[in-house]
Amino acid sequence: MDHFQRRRGELFCEGVPLRRIADEVGTPAYVYSRATLTRHFELVDRALGGGPHLVCYSVKALSNLAVLALLRSLGSGFDVVSGGELARVLRAGGDPRKVVFSGVGKTELELEAALRAGIRCFNAESEEELSALSRVATRLRRKAPVALRVNPNVDAKTHPYVATALRESKFGVPIGRARRLYREAAALPGIAIEGIDCHIGSQLTSLGPFEEAARRLRGLLAELERDGHRLRHVDLGGGLGVPYVRERPPTPARWAAALRRALGPSPLELLVEPGRVVAANAGLLLTRILYRKRGATRDFAVVDAGMNDLLRPALYGAEHEIVPVGRPARRLTTLDVVGPVCESGDFLAKRRRLPDAAAGELLALRGAGAYGFSMASNYNSRPRPPELLVSGDRYDVVRRRETSAELWRGETIPEDLR
Ligand code: LLP
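Residues numbered from 1 in each chain as written. Predicted model: local features only at pLDDT ≥ 70, side-chain atom pairs only at ≥ 80, totals over all residues. Heavy atoms only, no water.

Student: Break down the overall build of the protein chain for me, with residues and values.
Tutor: In terms of helices and strands, the protein chain carries twelve helices and 21 strands. For 418 residues, the compact-globule estimate of 2.2 N^0.38 gives 22 Å, and the C-alpha radius of gyration of the protein chain, at 23 Å, lies within 12% of that figure. Seen through its principal axes, the protein chain has C-alpha atoms that stretch 70 × 60 × 45 Å. Pairs at least 24 residues apart make up 70% of the contacts formed inside the protein chain by residues separated by at least 6 positions. When the accessible surface of the protein chain is split by element, carbon and sulfur atoms take 50% of a total near 18,600 Å². Of note, the protein chain has its 64 positive side-chain charges centred 4 Å away from the centre of its 49 negative side-chain charges. (Helix = DSSP H or I, 4+ residues; strand = E, 2+ residues; numbered from the N terminus. Rg over C-alpha atoms; globule rule 2.2 N^0.38 Å. Contact = heavy atoms within 4.5 Å. Areas by Shrake-Rupley, 256 points an atom, 1.4 Å probe, with all protein chains shown as cover. Lys, Arg positive; Asp, Glu negative; His and termini not counted. Charge placed at Lys NZ, Arg CZ, Asp CG, Glu CD.)

Student: Outline the domain arrangement of the protein chain, listing residues and values.
Tutor: With domains assigned, the protein chain is organised as domain 1 (4–32 + 280–407) and domain 2 (103–272). If you average the C-alpha positions of domain 1 and of domain 2, the two centres end up 36 Å apart. Taken together, the contact between domain 1 and domain 2 spans ten residues of the former and nine residues of the latter. Regarding the contact of domain 1 and domain 2, the summed buried area is about 790 Å², with carbon and sulfur atoms giving 54% of it. It is N281, Y316 and E319 in domain 1 that bury the most area against domain 2; as a group they hold 54% of the surface buried on that side. In this assembly, domain 1 and domain 2 are joined by one salt bridge. The shortest N-O distance in the salt bridge between R246 and E319 comes to 2.3 Å. Summed over the shared surface of domain 1 and domain 2, the result is three residue pairs in polar contact (both at pLDDT 80 or more). Here the side of domain 1 that touches domain 2 is built from residues that sort into four nonpolar, three polar and three charged. (Domains from an automatic or database assignment. Buried area = accessible area lost by both parts, 1.4 Å probe. Salt bridge = Lys/Arg side-chain N within 4 Å of Asp/Glu carboxyl O. Polar contact = N/O pair within 3.5 Å; in protein donor to acceptor, adjacent residues only side chain to side chain. Nonpolar A, V, L, I, M, F, W, Y, C, P; charged D, E, K, R; others polar.)

Student: Would you mind going over the site of the ligand in detail, with residue names and values included?
Tutor: Of all residues adjacent to the ligand, which total 19 residues, the nearest are S202, E273, R312, Y316 and Y371. For the ligand, whose free accessible area comes to 590 Å², the fraction covered by protein is 91%. Here the shell around the ligand is composed, by residue class, of five nonpolar, eight polar and six charged. The residue makeup of the shell around the ligand includes at least three contributed by each of domain 1 (4–32 + 280–407) and domain 2 (103–272). (Near = heavy atom within 4 Å.)

Student: Explain the pattern of salt bridges residue by residue, including any values.
Tutor: All told, the structure shown has 31 salt bridges when counted by the stated rule. Note that E269 is salt-bridged to R120, the shortest N-O span being 2.9 Å. Of this pair, E269 sits in strand β13 (residues 269–272) while R120 is found in the loop between α5 (108–117) and β8 (121–124), placing the two residues 149 residues apart along the sequence. Linking R400 and E406 is a salt bridge whose minimum nitrogen-to-oxygen distance equals 2.9 Å. Overlapping salt bridges, with partners in common, bring together E112, R116 and R139 in one network.

Student: Account for unusual backbone geometry, naming residues and giving values.
Tutor: For the bond from T27 to P28, the omega torsion is -5°, close enough to zero to count as cis. Phi at N380 takes a positive value of approximately 65°, unusual for a residue other than glycine. When you line up the elements, N380 lands in the loop between β19 (362–365) and β20 (387–391). Taking the relative accessible area as the measure of exposure, N380 reaches 32% and is therefore partly exposed. (Buried < 20%, exposed > 50% of the residue type's maximum accessible area, 1.4 Å probe, protein only.)

Student: So, the sheet that holds strand β3 (residues 16–17): which residues are in play, and what are the values?
Tutor: By definition, the strands of a sheet pair up through backbone hydrogen bonds, in either a parallel or an antiparallel sense. The three strands are arranged β1-β2-β3 in an open sheet whose pairing can be described as antiparallel. Two strands lie at the open edges of the sheet, namely β1 (4–7) and β3, each paired on one side alone. Where strand β2 (residues 10–13) lies against β3, two bridges are found, and the strand directions are antiparallel. Bridged to F12 within β3 is P17. (Pairing = 2+ DSSP bridges.)

Student: Kindly report on helix α9 (residues 252–263), identifying the contributing residues and their values.
Tutor: The end-to-end C-alpha distance of α9, which contains twelve residues, comes to 16 Å, matching closely the 16 Å that a straight helix rising 1.5 Å per residue would cover. Within the span of α9, buried status applies to P252, W255, A256, A258, L259, A262 and L263. Each buried residue of α9 lies within a common arc of 160° when the element is viewed along its axis, so the set occupies one face. Opposite the buried face of α9, at more than 90 degrees from it, the exposed residues are R254 and R261. Contacts from the buried residues of α9 go to α2 (34–47), α8 (208–226), β12 (233–235), β13 and α10 (276–279). Positive phi shows up at G264, right after α9, with a value of about 80°. (Expected span 1.5 Å × (residues − 1). Arc of directions from axis to C-beta.)

In structure tokens, the structure reads:
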């Protein structure tokens, strides 16, 4: 459930008509619903409420400071994958003791920044990272809290770009090598073993792969206990899918119950790193039709948002529901909805049946809250759109539209070319 509803035919976000936002701040624009973000976070948090747990919202999905501050106020922890994301969390007032740091290529500078901040745990992904971390921690006279990210070799049955636990994946350490690595890690002077971690992929729409991964971790946990390690937590990552157009993923409640069941009775704290399920359907991208155009074989709606604003259709063939902001026309038509960027990959939808809409009309791309703005770029020297957070009858511009001058800030023309 979300808070984007029609009233007398017009699409609203909570109490604010989207047309008003488009008139006041222009298009394209990302619009987020505070009530929906809150609801989604609380659904996940409550679903895990049966035992000790920590929800570490995955910052990469939607990393605006206002959203991070909102989630922090609800008690969320954070999953970060770069020094930049960690800096954002701290800037938004996030508690470093609730931060886990994942990623296969953490630099020494990033490790140092996270150690100084005092984060909850490093999700280490290789032997060499463990030695680097131990070295940096020893230099700072600290112990780095560590979980090993294990690759349980489970097919998440999702888009190949977002499956992360196949045998050929770059992520984590193969589960068969984990025991040896735990032994070696425990012997390193700068490392303190805290837990175990996995993340098998994103936009999963069935429970089977989650259950299989949790069962494999459970087996490994028993062996680690026998080897004398004392772990405090199990982190099962993120990955729960959302309904975009046709998908029917399990609810957070069923997901959480399945994880607990597969892990079995355990005193360990359960960590999860959801991103998409919190943010995706809490946001949409507002765009205006610039032109309608007839090609040789297809009809197009050329809109003012492009692949630089929302990359998912171009990169994954992802489908986002598209709806008119005004009262939908009765007549349906089949359209390619495309952006202004000079690439044939710049489409937002292909052969979509939509209520007929003319130039000047507003469309909304639903489900764009996660991996929308956070993957936006300046390709074609297009300033990135503003981000708005709606709270009831009010909205705040939580990131204003970029200007062209901001795009070349930091560039210099050599003296002799000026
Ligand atoms: N934890 C780790 C270690 C991750 O790599 C990810 C996502 C998450 C948690 C959060 O997963 P979620 O709950 O959002 O599924 N750009 C792609 C998605 C990439 C996901 C990357 N990792 C997309 O637009 O579909």
